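Per-entry structural report
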Amino acid sequence: WIKSSGSTGTNEGILYKDDAVNRSYKMQIMGSGVNDEKLNFALFNGGTVFHTYGTSNLFDDNWHHVVAVYTPSTSVVLYVDGVLETNNTSSVPASIDNDPADFEIGRKGDGSLWFVGNISNGAVWNSALSAANVLSIYNNGRPADLTSLSPVAWWRLGENASFDGSD
């Protein structure tokens, strides 16, 4: 769950395993360019980046449930507020690089691209969630109990984990 109080012009990091040198994956809101204010999920394979973009404006100071689902060699799917936004099946890599970057919430691993707003309940799985799983999490609201879906990692950030671009 995210609530951005940022503005168009700067990308904002949601979840990152990418420090600009060691790169695996990232989820962010795009701040400038063709996909302004849209969710972006990118993964890296052999040093090549593979992007998928959502369609909703996320710089609206409202809570949004955002999910990226990667299925190797098959698809990258993006959901916003329980609704399928993008199903990219074109040239999907068979794997994601597992470079030694730290996992970051609310900023890129090099200390840039801070998320300006709130993040609540971040999670990562090692298998693809179904559309029914995503809708169930969304319908349960925030903070949802994700125990039954067995995430690999889950950060119960509370009602309002705020980020303002500083340490």
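Scope of this entry: the structure provided in the associated data block. (Residues numbered from 1 in each chain as written. Predicted model: local features only at pLDDT ≥ 70, side-chain atom pairs only at ≥ 80, totals over all residues. Heavy atoms only, no water.)

Here the focus is the pattern of salt bridges. Under the counting rule described, the total for this entry stands at 2 salt bridges. Here Asp18 makes a salt bridge to Arg23, at a shortest N to O gap of 2.9 Å. A relative accessible area of 0% means that Asp18 is categorised as buried. A salt bridge links Glu104 to Arg107; the shortest N-O distance between them is 3.0 Å. (Salt bridge = Lys/Arg side-chain N within 4 Å of Asp/Glu carboxyl O. Buried < 20%, exposed > 50% of the residue type's maximum accessible area, 1.4 Å probe, protein only.)

Roughly 830 Å³ of volume is contained in the largest pocket. What lines the largest pocket is a set of 37 residues, and nearest its centre among them are Phe41, Ala68, Ala123, Val124 and Trp125. Taken together, the elements giving at least two residues each to the lining of the largest pocket come down to β2 (12-18), β3 (23-29), β7 (66-71) and β12 (122-124). Ranked by residues supplied to the lining of the largest pocket, first place goes to β7 with 5 residues. The class makeup of the residues in the lining of the largest pocket is 26 nonpolar, 9 polar and 2 charged. (1 Å grid on protein atoms, 1.4 Å probe; cavity = no way out; pocket = protein on both sides within 12 Å on 5 of 7 lines; lining within 4 Å. Points joined across faces, edges and corners; volume = space filled by probe spheres on them. Helix = DSSP H or I, 4+ residues; strand = E, 2+ residues; numbered from the N terminus. Nonpolar A, V, L, I, M, F, W, Y, C, P; charged D, E, K, R; others polar.)

To continue, consider the pairing of β3. For β3, a buried count of 6 out of 7 residues is recorded, marking the element as mostly surrounded by other parts of the structure. The sheet contact formed by β2 and β3 spans 6 bridges and is antiparallel. Across the sheet, residue Tyr16 finds its bridge partner in β3, namely Lys26. The loop that links β2 with its antiparallel partner β3 comprises 4 residues; one of these, Ala20, has a positive phi angle of about 80 degrees. (Pairing = 2+ DSSP bridges.)

With that out of the way, let us pick up the sheet that holds strand β10 (residues 104-105). By definition, the strands of a sheet pair up through backbone hydrogen bonds, in either a parallel or an antiparallel sense. Judged by pairing direction, the sheet is antiparallel, and its 5 strands sit side by side in the order β5-β4-β3-β2-β10 without closing on themselves. With one partner strand each, in any of the chains shown, β5 (48-53) and β10 form the two edges of the open sheet. By the bridge criterion, 5 bridges tie β3 to strand β4 (residues 39-45) in an arrangement that is antiparallel. For Tyr25, the partnering residue across the bridge sits in β4 and is Leu43.

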